[in-house]
Amino acid sequence: MALMINEDCTACDACRPVCPNEAIAAGDPMFVIDALRCTECVGAEDEPQCRLVCPADCIVANLDWSETPEELQTKYDQLHG
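Residues numbered from 1 in each chain as written. Predicted model: local features only at pLDDT ≥ 70, side-chain atom pairs only at ≥ 80, totals over all residues. Heavy atoms only, no water.

A.B. asks: Is there a simple way to think about the pattern of salt bridges in this case?
C.D. replies: Pairs can form between side chains of opposite charge once their charged atoms are near each other. Under the counting rule described, the total for this entry stands at two salt bridges. The salt bridge partner of Arg16 is Asp13, with a shortest N-O separation of 2.8 Å. Residue classification places Arg16 among the partly exposed residues on the basis of a relative accessible area of 39%. Overall, Asp13 belongs to the partly exposed group, its relative accessible area being 26%. (Salt bridge = Lys/Arg side-chain N within 4 Å of Asp/Glu carboxyl O. Buried < 20%, exposed > 50% of the residue type's maximum accessible area, 1.4 Å probe, protein only.)

See below:
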């Protein structure tokens, strides 16, 4: 499932540069994750890199965007194919 950034975001920009899919962008007032590009780092890393670097612990599962690991891998392959 894709990730999302909740209202606890401080717009610190720590998450954006570590995203292998360029799924994170500056929003107003907080950063946002494009669910069409987010693979939870499947295909690139063992765990979501944005969550590792987020000092506000504001990156959570997007319950409206459920995907299997296989679907996330397919999405990653399409983005980087």
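A.B. asks: For this particular structure, what's the right way to read unusual backbone geometry?
C.D. replies: Note: most peptide bonds trans; most residues except glycine with negative phi. Geometrically, the link from Asp28 to Pro29 is a cis peptide bond, its omega value of 15 degrees lying close to zero. The topology assignment puts Pro29 in the loop between strand E2 (24-25) and strand E3 (32-33). Phi at Ala11 takes a positive value of approximately 55 degrees, unusual for a residue other than glycine. In this structure, Ala11 sits in the loop between strand E1 (3-5) and E2. Look at Ala11 and you get partly exposed, because its relative accessible area is 34%. (Helix = DSSP H or I, 4+ residues; strand = E, 2+ residues; numbered from the N terminus.)

A.B. asks: I tried to follow the environment of Asp64 on my own but got confused; where do I start?
C.D. replies: Among the secondary structure elements, Asp64 is positioned in the loop between strand E4 (59-61) and helix H2 (69-80). Relative accessible area serves as the criterion here: at 74%, Asp64 is assigned to the exposed category. As for Asp64 and Ala26, which are separated by 38 residues in sequence, their C-alpha atoms are 21 Å apart.

A.B. asks: Please clarify how the side chain of Asn21 should be interpreted in this entry.
C.D. replies: For Asn21, the position within the fold is in the loop between E1 and E2. A polar contact of 2.9 Å, which involves the side chain of Asn21, links it to the side chain of Thr39. Not counting the four nearest positions on each side in its chain, Asn21 is found in contact with Arg37, Cys38, Thr39, Tyr76, Leu79 and His80. (Polar contact = N/O pair within 3.5 Å; in protein donor to acceptor, adjacent residues only side chain to side chain. Contact = heavy atoms within 4.5 Å.)

A.B. asks: For this particular structure, what's the right way to read the nonpolar core?
C.D. replies: It is characteristic of soluble globular proteins that their nonpolar side chains tend to be buried jointly. One finds Ile5, Cys15, Ile24, Ile33 and Ile59 to be the most contacted residues of the largest nonpolar core, which totals 16 residues. With near-sequence residues (within four places) excluded, Ile24 lies in contact with Ile5, Cys15, Arg16, Cys19, Phe31, Val32, Ile33 and Cys50. (Core = buried A, V, L, I, M, F, W, Y, C linked by side-chain atoms within 4.5 Å.)

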